[in-house]
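Structural overview
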Amino acid sequence: MSDVQMGWNFWRVLRWGIAAVLLLTPAVMMQISDEWNWGPASFVLAGVMICGPILVYERTARLWPSLAYRGGVAMALIVSFLLIWINLAVGIVGEDNPVNFNFFMLIFASAVGAFAARFQPDGMARAMLGTAAVQMLLAIAIATAPSTQREPGGAVGTLVLCGFFAGLWLVSAALFHKASKAER
């Protein structure tokens, strides 16, 4: 069975194996250390965050056999996952900072752009390019805020981290662009 038909090939086993390890790690660590204290809601959230993108990727792989398109989707899902995880775990600009909500809205905006593009490669490339631009505008707005100066990384740390994420959005845009050129 080919990868497009989604048989249980090496990559699929690896994806779901990593997901299982990531979900089992807190359960094991709770048995070893008192510092790990997850409740059922934490496991449900982690399950949705880890398994959701894998399911979206697998659905994409069924619909779009282009490796470039699938790479663009994978990169967009990875950067979205990382932004959510960082904001939930430690916060880009400090824990429980209300500014972090903006990064959730950024991911929502990228999803709206994807829907507006009807998931076509050329539109997806534009949506991810726009998301990268908004990421950097958001970074500039946060970096110039007076409260950012009191944070450990300060303005420079915010710009560097957000620049990294903008770069990942640009990689996704480039992969979608490559997929759109292959379609022509």
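Predicted model only: the values in this text are computed from it and were never measured.

1. Describing the overall build of the protein
- The helix and strand inventory of the protein stands at six helices and zero strands.
- Counting from the amino terminus, the protein carries its helices and strands in the arrangement α-α-α-α-α-α.
- With 184 residues in all, the protein has 38% of them scored as buried.
- At a minimum sequence separation of 6, the contacts of the protein that also span at least 24 residues come to 64%.
- Charged side chains of the protein number 11 positive and 9 negative; the gap between the two group centres comes to 18 Å.

2. Describing the packing of helix 5 (residues 121–143) against helix 6 (residues 154–183)
- With their axes 7 Å apart at the nearest point, helix 5 and helix 6 run at an angle of 170 degrees to one another. When the axis of helix 5 is compared with that of helix 6, the two are roughly antiparallel.
- Looking at the contact of helix 5 with helix 6 residue by residue, the class counts come to 21 nonpolar, seven polar and two charged.

3. Some details on the packing of helix 4 (residues 101–116) against helix 5
- Packing of helix 4 against helix 5 leaves a shortest axis separation of 9 Å and a crossing angle of 160 degrees. On the basis of the axis angle, helix 4 is roughly antiparallel to helix 5. Remark: the crossing between helix 4 and helix 5 carries right-handed chirality. Each of Asn102, Phe103, Leu106, Ser110, Gly113 and Ala114 in helix 4 lies in contact with helix 5, whose residues at this interface are Met124, Ala127, Met128, Thr131, Val134, Gln135, Leu138 and Ile142.
- Its residues placed into classes, the contact of helix 4 with helix 5 shows nine nonpolar, five polar and no charged.

4. Here we look at the layout of surface pockets
- Empty space within the largest pocket amounts to approximately 640 Å³.
- What lines the largest pocket is a set of 27 residues, among which Val56, Val73, Leu77, Ala111 and Phe119 lie closest to the centre.
- Within the residue set of the lining of the largest pocket, elements represented by two or more residues are helix 2 (40–63), helix 3 (67–89), helix 4, helix 5 and helix 6.
- Its residues assigned to classes, the lining of the largest pocket comprises 21 nonpolar, five polar and one charged.
- In this structure, the second largest pocket occupies an estimated 520 Å³ of space.
- Contributions of two or more residues to the lining of the second largest pocket are made by helix 1 (10–32), helix 2 and helix 3.

5. A few points about a nonpolar patch on the surface
- A cluster of nonpolar side chains, contributed by Phe10, Trp11, Leu14, Ile18 and Leu22, occupies part of the molecular surface with about 540 Å² of accessible area.
- Note that leucine 14 resides in helix 1.

6. Describing the confidence of the model for the protein
- For the protein, per-residue confidence averages 88 on the pLDDT scale, and residues scoring 70 or more make up 92% of the total.
- Taken element by element, the predicted model of the protein shows its lowest mean pLDDT in helix 2 (92) and its highest in helix 5 (96).

7. Observations regarding the environment of alanine 166
- Note on placement: alanine 166 falls in helix 6.
- When its relative accessible area of 4% is taken as the criterion, alanine 166 is described as buried.
- In this structure, the C-alpha to C-alpha distance between alanine 166 and glycine 47, residues 119 residues apart in sequence, is 26 Å.
- In this structure alanine 166 touches Ala132, Gln135 and Met136, once residues within four positions along its chain are discounted.

Cut-offs used in this document
- Residues numbered from 1 in each chain as written.
- Predicted model: local features only at pLDDT ≥ 70, side-chain atom pairs only at ≥ 80, totals over all residues.
- Heavy atoms only, no water.
- Helix = DSSP H or I, 4+ residues; strand = E, 2+ residues; numbered from the N terminus.
- Buried < 20%, exposed > 50% of the residue type's maximum accessible area, 1.4 Å probe, protein only.
- Contact = heavy atoms within 4.5 Å.
- Lys, Arg positive; Asp, Glu negative; His and termini not counted.
- Charge placed at Lys NZ, Arg CZ, Asp CG, Glu CD.
- Axes fitted to C-alpha atoms, helices over the stretch in contact; angles between N-to-C directions.
- Parallel < 35°, antiparallel > 145°, perpendicular 65-115°, else oblique.
- Nonpolar A, V, L, I, M, F, W, Y, C, P; charged D, E, K, R; others polar.
- Left-handed = near helix turned anticlockwise from the far one by under 90°.
- 1 Å grid on protein atoms, 1.4 Å probe; cavity = no way out; pocket = protein on both sides within 12 Å on 5 of 7 lines; lining within 4 Å.
- Points joined across faces, edges and corners; volume = space filled by probe spheres on them.
- Patch = residues over 30% accessible without salt bridge, like charges linked within 9 Å, V, L, I, M, F, W, Y side chains within 5 Å.
- Areas by Shrake-Rupley, 256 points an atom, 1.4 Å probe, with all protein chains shown as cover.
- Salt bridge = Lys/Arg side-chain N within 4 Å of Asp/Glu carboxyl O.
- pLDDT = per-residue confidence, 0-100.

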